[in-house]
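# A structural walkthrough
Each chain, written out:
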Amino acid sequence: MAFWLGNAIGLVIAYLLGSIPTGYLAGQLLRGLDIREHGSKSTGATNVLRTLGKWPALVVLLIDVLKGVAAIVFARWFYAWLLPQAPFPSPTAIDVHALLPWAVCLSGLAVLLGHGRSIWLNFTGGKSAATGLGVLLAISLPTGLGALAVWGVVLAIFRIVSLSSILAALTAIALVFCFGLPLPYRLLVIAGGMYVIVRHRANILRLFSGSEPRLGQSGSGPKAAQ
């Protein structure tokens, strides 16, 4: 019983890490506004950029990335301690080695869900791209850097953050097979990448219609009126 309770606690901690509403808090602290009522209505760094400016957006981006990293680092430490307590007959190091990636995989999904559906914001939130990057960097540095490189190149060429995030998610899915990650991590990246893409469904519609704003364009937030 204690083992399964421990598993539940681990997932709740990962979810709560993801659910820290960084962009919302930035809006409240810096301007006394609810960022969900401005721009794209998202709490992510891109909407913070359009609504609050460059430096708040950079801080929000870094913290959101670190949330993903922290969830994976914590999961590896926590489950490495917890799994030997499992109610299996004669647990061995091989058992722990085999089960640990699956436990980390679930924590990775929990932190993404927390960012996109924060309990503190009535289950609203961001698109989970930055937190997803943190998860990628923590489970496979080459995969995370590859996805980040694609994000940066696409952004430099097209100046569209949503397109950069979508292509970076697709790149990550391809790279996990190239680098031969364990099956749980491959499933995590596939599920996480698809989650990020689905969270961008409104952006995808605007991309097809040619109405998706480029970086630097005024949104519907406070700056648009200036």
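Residues numbered from 1 in each chain as written. Predicted model: local features only at pLDDT ≥ 70, side-chain atom pairs only at ≥ 80, totals over all residues. Heavy atoms only, no water.

## Thoughts on the overall build of the protein chain
Using the following cut-off: Numbering of helices and strands runs from the N terminus; a helix is a DSSP stretch of H or I covering at least four residues, while a strand is a stretch of E covering at least two. Three labels apply to residues, based on accessible area from a 1.4 Å probe with only protein chains included: buried if under 20% of the type maximum, exposed if over 50%, partly exposed otherwise in between. In this description, contact between two residues means that some pair of their heavy atoms is separated by no more than 4.5 Å. Throughout, the Shrake-Rupley method with a 1.4 Å probe supplies accessible areas, and for residues the shown protein chains are the sole cover considered.
Along its length, the protein chain carries 10 helices and 0 strands. Each helix (α) and strand (β) of the protein chain, taken in turn from the N terminus, gives the series α-α-α-α-α-α-α-α-α-α. Out of the 226 residues in the protein chain, the part that is buried amounts to 47%. Looking at the protein chain alone, contacts between residues at least 24 apart form 68% of all its contacts between residues at least 6 apart. For the protein chain, the computed accessible surface area is about 11200 Å², with 73% contributed by carbon and sulfur atoms.

## Let's talk about unusual backbone geometry
The phi torsion of most residues other than glycine is negative, and most of the peptide bonds are trans. Positive phi values are uncommon outside glycine, yet Asn122 reaches one of about 55°. Here Asn122 shows up in the loop between α5 (93–116) and α6 (129–139). In this structure, Arg159 takes a positive phi of about 60° despite not being glycine. With respect to the helices and strands, Arg159 occurs in the loop between α7 (141–158) and α8 (161–178). When its relative accessible area of 40% is taken as the criterion, Arg159 is described as partly exposed.

## Description of the side chain of Asp64
Locating Asp64 in the fold gives a position in helix α4 (residues 54–82). If near-sequence neighbours (up to four positions away) are discounted, Asp64 is found in contact with Thr22, His115, Ala130 and Thr131.

## Topic: empty space enclosed by the protein
One water molecule sets the probe size; rolling that probe over the atoms shows where empty space is left. Here is the rule we go by: Cavities and pockets were defined on a 1 Å grid built over protein atoms only: a cavity is a set of grid points that admits a 1.4 Å probe from which the probe cannot escape, a pocket is an open set flanked by protein on both sides within 12 Å along at least five of seven lines, and lining residues are those with an atom within 4 Å of any such point. Grid points are joined across faces, edges and corners, and a volume is the space filled by probe spheres set on the points. Note that Gly is not counted as nonpolar here; it falls among the polar residues with everything else outside the nonpolar set of Ala, Val, Leu, Ile, Met, Phe, Trp, Tyr, Cys and Pro and the charged set of Asp, Glu, Lys and Arg.
Evaluated as defined, the whole model comprises 1 cavity of 30 Å³ or more. For the largest cavity, the calculated volume is near 40 Å³. Around the largest cavity, the lining residues are Gly18, Ile20, Pro21, Thr22, Gly23, Thr43, Asp64, Lys67, His115, Ser118, Leu121 and Gly125. Considered class by class, the residues forming the lining of the largest cavity number 3 nonpolar, 7 polar and 2 charged.

## Considerations on helix α9 (residues 183–199)
Rules: A helix is expected to reach a length of 1.5 Å times the quantity of its residues less one.
The end-to-end C-alpha distance of α9, which contains 17 residues, comes to 24 Å, matching closely the 24 Å that a straight helix rising 1.5 Å per residue would cover. When we look at burial in α9, the residues that qualify are Pro184, Tyr185, Leu188, Val189, Gly192, Gly193, Val196, Ile197 and Arg199.

## Quick look at the packing of aromatic side chains
We apply this condition: Note on ring pairs: Phe, Tyr and Trp rings are taken, using the six-membered ring of Trp, and paired if centres are within 6.5 Å. Classes follow the plane angle, with under 30 degrees stacked, over 60 edge-to-face and the rest tilted.
Inspection of the entire model under this criterion finds 5 aromatic pairs. Aromatic side chains Phe74 and Trp77 sit 5.9 Å apart centroid to centroid with 50° between the ring planes, which places their arrangement in the tilted category. Taken together, the residues span about one helical turn, with Phe74 and Trp77 both in helix α4 at a distance of 3 residues. The class for Phe74 is partly exposed, based on a relative accessible area of 21%. Here Phe74 and Phe78 contribute two aromatic rings whose centre-to-centre distance is 5.3 Å and whose plane-to-plane angle is 15°, an arrangement assigned as stacked. Here Phe74 pairs with Phe78, and both are found in helix α4, just 4 residues apart, close to one helical turn. Grouping aromatic residues by their ring pairs yields a cluster made of Phe74, Trp77, Phe78, Tyr79 and Trp81.

## Here we look at α7
Heads up, the rule is: What the arc covers is the set of directions going from the helix axis to the C-beta atoms.
End to end, α7 covers 26 Å across 18 residues, agreeing with the expected 26 Å (1.5 Å per residue, within 8%). Of the residues making up α7, those classed as buried are Thr143, Gly144, Ala147, Val154 and Leu155. In a view along the axis of α7, the buried residues occupy a sector of 100°, so they form one face of it. Pointing more than 90 degrees away from the buried face of α7 are the exposed residues Ala156 and Ile157. Trailing α7 by a residue or two, Arg159 shows a phi angle of about 60°, which is positive.

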